[in-house]
Amino acid sequence: MVKESRKLSAKAQKFAAETPEDSYFEYFYDDAGAMPGTLSIPEDALPTEIELIDYRDVEAVRIPIEKPEDCIPYLDMASVSWVDVRGLGSEDILRRIGQVFHLHPLALEDVVNVPQRPKVEEYAEQIVLITRMVIANQDSEGFTSEQVSFVLGKNYLLTIQEEPKRDCFERVRERICQNKGSIRKHGPDYLAYALIDAIIDGFFPVLERYGELIEELEDEVVDKPTRQTLEKIHNVRRELLSLRRAIWPQRDAINTLIRDGSDMISPDVLIYLRDCYDHSVQILDMVETYRELASSLMDIYLSSVSNRMNEIMKVLTIISTIFIPLTFIVGVYGMNFNTEKSPYSMPELNWYWGYPLCWLIMLTIALSLLFYFWKRGWFENTQNLRR
Amino acid sequence: MVKESRKLSAKAQKFAAETPEDSYFEYFYDDAGAMPGTLSIPEDALPTEIELIDYRDVEAVRIPIEKPEDCIPYLDMASVSWVDVRGLGSEDILRRIGQVFHLHPLALEDVVNVPQRPKVEEYAEQIVLITRMVIANQDSEGFTSEQVSFVLGKNYLLTIQEEPKRDCFERVRERICQNKGSIRKHGPDYLAYALIDAIIDGFFPVLERYGELIEELEDEVVDKPTRQTLEKIHNVRRELLSLRRAIWPQRDAINTLIRDGSDMISPDVLIYLRDCYDHSVQILDMVETYRELASSLMDIYLSSVSNRMNEIMKVLTIISTIFIPLTFIVGVYGMNFNTEKSPYSMPELNWYWGYPLCWLIMLTIALSLLFYFWKRGWFENTQNLRR
Amino acid sequence: MVKESRKLSAKAQKFAAETPEDSYFEYFYDDAGAMPGTLSIPEDALPTEIELIDYRDVEAVRIPIEKPEDCIPYLDMASVSWVDVRGLGSEDILRRIGQVFHLHPLALEDVVNVPQRPKVEEYAEQIVLITRMVIANQDSEGFTSEQVSFVLGKNYLLTIQEEPKRDCFERVRERICQNKGSIRKHGPDYLAYALIDAIIDGFFPVLERYGELIEELEDEVVDKPTRQTLEKIHNVRRELLSLRRAIWPQRDAINTLIRDGSDMISPDVLIYLRDCYDHSVQILDMVETYRELASSLMDIYLSSVSNRMNEIMKVLTIISTIFIPLTFIVGVYGMNFNTEKSPYSMPELNWYWGYPLCWLIMLTIALSLLFYFWKRGWFENTQNLRR
Amino acid sequence: MVKESRKLSAKAQKFAAETPEDSYFEYFYDDAGAMPGTLSIPEDALPTEIELIDYRDVEAVRIPIEKPEDCIPYLDMASVSWVDVRGLGSEDILRRIGQVFHLHPLALEDVVNVPQRPKVEEYAEQIVLITRMVIANQDSEGFTSEQVSFVLGKNYLLTIQEEPKRDCFERVRERICQNKGSIRKHGPDYLAYALIDAIIDGFFPVLERYGELIEELEDEVVDKPTRQTLEKIHNVRRELLSLRRAIWPQRDAINTLIRDGSDMISPDVLIYLRDCYDHSVQILDMVETYRELASSLMDIYLSSVSNRMNEIMKVLTIISTIFIPLTFIVGVYGMNFNTEKSPYSMPELNWYWGYPLCWLIMLTIALSLLFYFWKRGWFENTQNLRR
Amino acid sequence: MVKESRKLSAKAQKFAAETPEDSYFEYFYDDAGAMPGTLSIPEDALPTEIELIDYRDVEAVRIPIEKPEDCIPYLDMASVSWVDVRGLGSEDILRRIGQVFHLHPLALEDVVNVPQRPKVEEYAEQIVLITRMVIANQDSEGFTSEQVSFVLGKNYLLTIQEEPKRDCFERVRERICQNKGSIRKHGPDYLAYALIDAIIDGFFPVLERYGELIEELEDEVVDKPTRQTLEKIHNVRRELLSLRRAIWPQRDAINTLIRDGSDMISPDVLIYLRDCYDHSVQILDMVETYRELASSLMDIYLSSVSNRMNEIMKVLTIISTIFIPLTFIVGVYGMNFNTEKSPYSMPELNWYWGYPLCWLIMLTIALSLLFYFWKRGWFENTQNLRR
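Sequence positions are assigned chain by chain, starting from 1 and proceeding in written order. To label them, take the chains in the order written and letter them from A, then take the ligands in the order written and number them from 1. The predicted origin of the model limits local features to residues at a pLDDT of at least 70 and limits the giving and counting of side-chain atom pairs to 80 or more, whereas totals for whole chains, interfaces and linings rest on all residues.

A few words now on the sheet that holds strand β5 (residues 127-136) of chain A. Residues and elements named next belong to chain A. For two strands to be treated as a pair, DSSP must find at least two bridges joining them. The numbering of helices and of strands both runs from the N terminus, where a helix is a DSSP run of H or I of at least 4 residues and a strand a run of E of at least 2. Here seven strands make up an open sheet; going across it, the order is β2-β1-β3-β7-β6-β5-β4 and the pairing mixed. In this open sheet, the two strands that pair with only one neighbour each are β2 (59-65) and β4 (119-122). For this sheet, the mean inter-axis angle between neighbouring strands, taken without regard to orientation, is 20°. Two elements, strand β6 (residues 143-152) and strand β7 (residues 156-161), share five bridges in a ladder whose sense is antiparallel. Following the sheet pairing, Ser149 is matched in β7 by Ile160. The axes used here are C-alpha line fits, helices contributing only the stretch in contact, and every angle between their N-to-C directions lies in the interval 0 to 180 degrees.

Right under this line is the structure:
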């Protein structure tokens, strides 16, 4: 068993290593024929932390939890309990979480074996919602994405996050602890809404970056298209494809939630979820728009490259076609005009500084042309052709 | 709180600054985890003005309103009250409008935090419709777009416009005040129809401009394609994409309105709305047609560029291949024909004006070729290559 | 009022002038905020003519009508009355037609303010069907299209045609007047079917032309692609797009008619309409096929242009690469072979006719090459580059 | 009437002439306004033959029929009668067939006025199914297609084939006459299934050819792309489009047959038809796959052409850029090295065979280059440029 | 009969031979008009092996079966019987299997005449599911695919695999025999789920390979695009198309299974199947993503080729345009500067080593340029142009 998890963790390691840099995720999969319910803990996964926020109208407590079983007393109370599990490092704790909350083995598998496609599954006593949270990288381009799973019960909400590091829930925690707005007056369904809304709203800043990037590329592609431009366009398309894969099923999951109208979600929270759904539609809308713009950029890139070739051909053609006939004429007469018959016949040949002057003129012409080509940026690409 | 609104207003400022020039809008979004119902007033938003038109069959009054609460007496009367709020500058007034009309917090948020995706939401006593109004710029190309929200109640209609400047409702106001047509005989649902119809009809002149622009580009792209042509085509595609994003959900919203048949809309107004829906379908139809034409223009552009390169290559090839063999032959004999053996052997070399004449011929050839290339427009692009 | 209609007529004039040449129609639109039911009569519209064909099993009369009110006695009879209104020139007559037939203001607007998107609207006592009729131009390429509206009542059929000139109903009129087939035995619903069928069948000859045009272009694009080919392909695509916009909603309208099964249409006429629907599906099928072929033609055009460039490059490369090394060798020795050391060293230089012969050879080569390029058609495009 | 049929037959002739060569069919259409039920017999249509196979469990007869009325005695018997009409040459016989089988005028029109779009129509006592049969040409590429119509009654099946020549029903006839399998134990619905299945299975060999053709083209397009390759790809795309137009509505028709579940088709035949439907889905699947591959081939073709141009440019550039500076240097010194100052200065000029040797070297270089270009196939395209 | 099966086996042989190398399958088809239920055994098919695993909660036996009839005693027991038939070589055994399990002739045909499109068919006592299993090749690229058919009865599961070689069921067999997990506690429906799940999970490693391949190609296409790159991209597209054809109908089949809810599948197995469905959606998702990336690669390839041509043109243009005017000037003076008038006039001509030095300089230049071009990789493609 150890061996298997080790092997799986290698794959997981690959994910952990690659996700931050290329933002492109492949879904998790079991070995063919593996038992359903197998949990695959990546070796380098950070240790699992649990935090509980228990609140009702008049008060709220926020405490770290050591053992999953410590949650049990809170679950039975009339208050709302938000159990936030962060990090998928400890199989033991995760299994005990599963027992405490009576999770279906398949649900536990979906929650732990990340990444999964966002979806909603309704069980007898619980609604399980798998979502994907994106966070724009602060120092570099691109974004990181992680899976956040929700298990909504009668009077509790269990959330499981892939990474313990950053999330976009801090302001919701504040709203509960500092009793801002009406969040304490509602049940766990409203809490779930608030968190889903935070996840959905987290897509906007990421998208806005791509909007700016596309605008920059629009200038770059017309002004000065290089090989790097091409790679940038390809990366934007790839990452937008990835974002689309994240938001598309998310939108469907929220819609299913609204349409199926479980009795665990009260009607006025449904109105809020509808708002959330509208936002996810807006995001999809923007993603599609950006993808169209990006693929239009590719067309422009291609035509800019053609245009440049056109310019180069023109320069070549102008200079060649002017000098070729002249050189022909010059060749015909070998310029052997008889200097004796006329003082106008090539007097330069008899000048004292004639030959050096001739070299000077030639050097001037050569350097001017080189300067002209350098100004046009012809030497730039030439240098990093092979990288 | 001030700080946050300042930050948001910076973004809003960006919108205000950019929308007129590039006509491309991104949806509004909250910070992740923000409370639902937060209003975000851009700092440079113009102050909010309120105008009330209250009418019934026999009379109509049109008065400016100072305080939102001043509307209340009119709302209870048997007459139809149209409260038109213009400009989103004053959070206080907008909040009080929300209280006077009992708006749901989410509805108020959608109305104030522009831009939103067009949609319709039915609440207990109200229908809230978010639409987008486009107005062709009068002096420049392109269009400006702003959000117009409708709140339809039993005997009133509340409209909230993003900008107090221009709108396309003036003729409806005239129809009410001068009692043209049957508008005074109907309720607020007919008024809502009349305004929606005005918004929808406002798309046509904008579209017609793009139709003309595409026709111009069709000529330009074949006759004389330049880098600017490419940018123009890209802009047209981008703006049509933007128009499509505005009209598509609008059509769906009107359709929802018709299909769901709220009892706040009377059956004969539904017939009128059906007409409105037909118009929005026509607009979408035209947008799609123009988009297809624009993307076909891109193909033609690319092939025109190829054609031009073809022409250039032909000129180069014709002149090179004619003179290269000749120059070879000339080289073979070094043109050292023995002038003594025959009077026909290069007599020019002994002419008195031979050498200057040779230069004259060469200059003539060079200038003719330069003139020919200039006539073909080869120097145009060359000059603004780097812009 | 006059001023407005003048303005509208200018737009209409534009349509009248452009439609025949580019076959591309934009939908009619009101000024934003205009009253519903406003009729916009283009100034150059031809005067309105009315013709009535009243028939029953045993007899048929065909008479021109002066005043719309003259129809009234016929409408109450047990016979079927077909009132055919041609030309939209007289607002007064059209309004009175509206009164005689109790048309809804919106229906009258759709009928008069052309062009509208084809559609079907069911009113209490009437079915209103808007269709588009295409007629292939007899002398030139392309087609003209006009709107034909049907108002089907209990025992009458009102048709309104945009232009009084040509239509495709003559054979139906013959069938009624000469009692061919069973048309007199049926009611106005069968008459409506017969006319719709005539309109649908009218699309086929237009399409067949495009089929032939595409076949011609297929040859042209491979054999001898020119700039004109490109324009022709673009025009075909544009006109097919326009045809598609005409037939697509028409098909939907007929389908709605069949599916909704009004009691104004008898079951056996429904079978005939089903046939009509099948034909409109066939047309759409062909339009889509032609569009695919036309866009495949564009690909071939581009690759033909590339191929030609390839050929040109080959000629240039072959001739250049052969002569360049030779010219180098020739240059090395300056061809100053010592004529005194060997009789084989350049004896030509001492020939009497050496120099003229050299010119003769060079002229021969130059002219042969020019002839070769001319045969290849290289000079054709070059000449009409600027048009 | 004669005149009209003559005109129609001209069109039909065109079809008859073109179909075998380009396999591309346009739908039949009436003149606009023509009476429904008009039959259009092409003049060159082959005479109509009728064959009757009448069978029950214990016996089967197969006899040619002279007059349609001769079928009547068989139709009333308890046995299953398959009346197979081949060739659409005789309007009189076809009309009488229509009377014998009580065909609806529209059904008769669909059966006779070929080609029609495949479809199924249910009448009171009959199901009419229009299908398209494709047969791969035996000697040449491509396929011929013809319309086969089925009229399924209580105890008979009427099939009408467009051409009397080849069909794919021979093995079914054998199965009936030699009592293979269970076909004699079933009714006419099973017979209809068996024939439809034969038609559907007939698409596979045609498709397999295209599969092979695409594989050949995949090699050709990378190895040695010529103008012919381009035309072949275009033809494959065109013919696949045509196949798709034939199989798509056929699939829908079979699906309608299964879904609507007429009582003329017994439940266990429905299971067989479901199998038939699966096959038509498989065919559509393969057609779509081939179309994607063919359009991917076009991309490769274009890039192969670009690659070749690249090769040509490289050769040109390598040779030019090497010799151009050398020629410059050679020119500088005019190679007038003083032969008197040094024995190493151009001794070749004084050799006895110097000049002839120089020509020999030049000829060798020129011929080697020509041989190299010929080996690369550069002369191939050049020769059939104009065809 | 022998002859026919020989002919069919030739085709089958072709499949057997080609499938491993190009992974691209065409569907099986009968000769037109063949009897339904005909089995087509390829000649080279491996002999049929049967294995039976019979288990209940407390025990499990795994035994090879000689004759199909030997299964009968196990089928009646209260235990679950899994009959696994591997290899389609023996028509006799397959027919007897059909009799033992009362398979419908069409079901037997689908199971034996591979490949079929994945689908589910419900019969009175059985559910027949056709699936496609893919296994990544261990030593080479690509994958092999084979058909696996499931026949699910009340207390047995019959699986028929195309090839006896490898499958992905070994771990399921272990789970049964070693009583891992809860598999022995469930019925044959759970067993079917476990096997389908293994098949679905088998797609992931294959897909992962394509993911890696696309990433490699992304680097290759920008760095060093060759003709082989183009072929690789085309192959990836082709194989992804093939994978899509395998997984698309599989997903639909599983969905049908869930939606139609046969009573042979218990509700808690349905939950597991839903999970299976989610995985097949994930696979389709990844396939579509990879296909988009691959077609974007094609664009990049094309533009990389253009870029390279650009580089080549630049080199040519820079060197040509610099030297052409210089050569002209050199030509003008024929470099006949009078060495007597000035010591600066071409003293090199009188040097002792002048001529050899001149050759040395020229050789140096030529070799440097050749080295430069070789470094850029210009000679690589040139060599394998013709392959």
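Additional details are given in the paragraphs that follow.
A few words on the relation of the copies chain C and chain D. With an RMSD of 0.1 Å, the operation that places chain C on chain D is a rotation of 72° combined with a shift of 0.1 Å along the axis. Such a combination of rotation and displacement between the chain copies is what one expects of a five-fold axis. When the interface residues of chain C are mapped onto chain D, a mere 16% of them again lie at the interface, so each copy presents a different face. Residues reaching a pLDDT of at least 70 in both copies supply the C-alpha atoms on which the copies are superposed by least squares. The contact rule is simple: place each C-beta atom from the backbone, and if two of them lie within 7 Å, those residues are in contact.

A few words on the interface of chain B and chain C. Residue-level contacts link 64 residues of chain B with 64 residues of chain C. Listing elements by their share of the side of chain B that touches chain C, those giving two or more residues are α5 (170-177), α6 (188-201), α7 (203-223) and α9 (267-333) of chain B. Charged residues are taken to be Asp, Glu, Lys and Arg, nonpolar residues to be Ala, Val, Leu, Ile, Met, Phe, Trp, Tyr, Cys and Pro, and polar residues to be all remaining types, Gly included. Among the residues making up the side of chain B that touches chain C, the classes are represented as 27 nonpolar, 20 polar and 17 charged.

A few words on the relation of the copies chain B and chain C. The two copies are related by a screw motion: chain B maps onto chain C through a turn of 72° and a shift of 0.0 Å along the axis, at an RMSD of 0.1 Å. The fraction of interface residues of chain B whose copies in chain C are also interface residues is only 16%, indicating that the copies meet through different surfaces.

Turning our eyes to something else, we now look at the sheet that holds strand β4 (residues 119-122) of chain B. All names here are of chain B. Spatially, seven strands are ordered β2-β1-β3-β7-β6-β5-β4 in an open sheet, and the strand pairing comes out mixed. Among the strands making up the open sheet, the edge pair consists of β2 (59-65) and β4. On average, adjacent strands in this sheet sit at an angle of 20° to one another, irrespective of strand direction. Bridge count between strand β1 (residues 49-56) and strand β3 (residues 80-86): seven bridges; the pairing is antiparallel. Residue Leu52 lies in a different strand from β3, and its bridge partner there is Val83. With respect to the sheet, helix α8 (residues 227-260) is in contact with β4, β5 (127-136) and β6 (143-152), its orientation differing from that of β4 by roughly 30°.

Before going further, it helps to spend a moment on the pairing of strand β7 (residues 156-161) of chain E. All names here are of chain E. Most of β7 sits inside the fold, with six of its six residues counted as buried. A residue is called partly exposed when the number of other C-beta atoms within 10 Å of its own lies between 12 and 20, exposed at 12 or fewer, and buried at 20 or more, with C-beta atoms placed from the backbone. The alternating pattern of β7 places Tyr156, Leu158 and Ile160 on one face and Leu157, Thr159 and Gln161 on the opposite face, and all of these are buried. Relative to β7, strand β3 (residues 80-86) runs parallel, the two being bridged by six bridges. Among the inter-strand pairings, Asp84 is bridged to a residue of β7, identified as Thr159. Linkage of strand β6 (residues 143-152) to β7, two consecutive antiparallel strands, is achieved through a turn of three residues.

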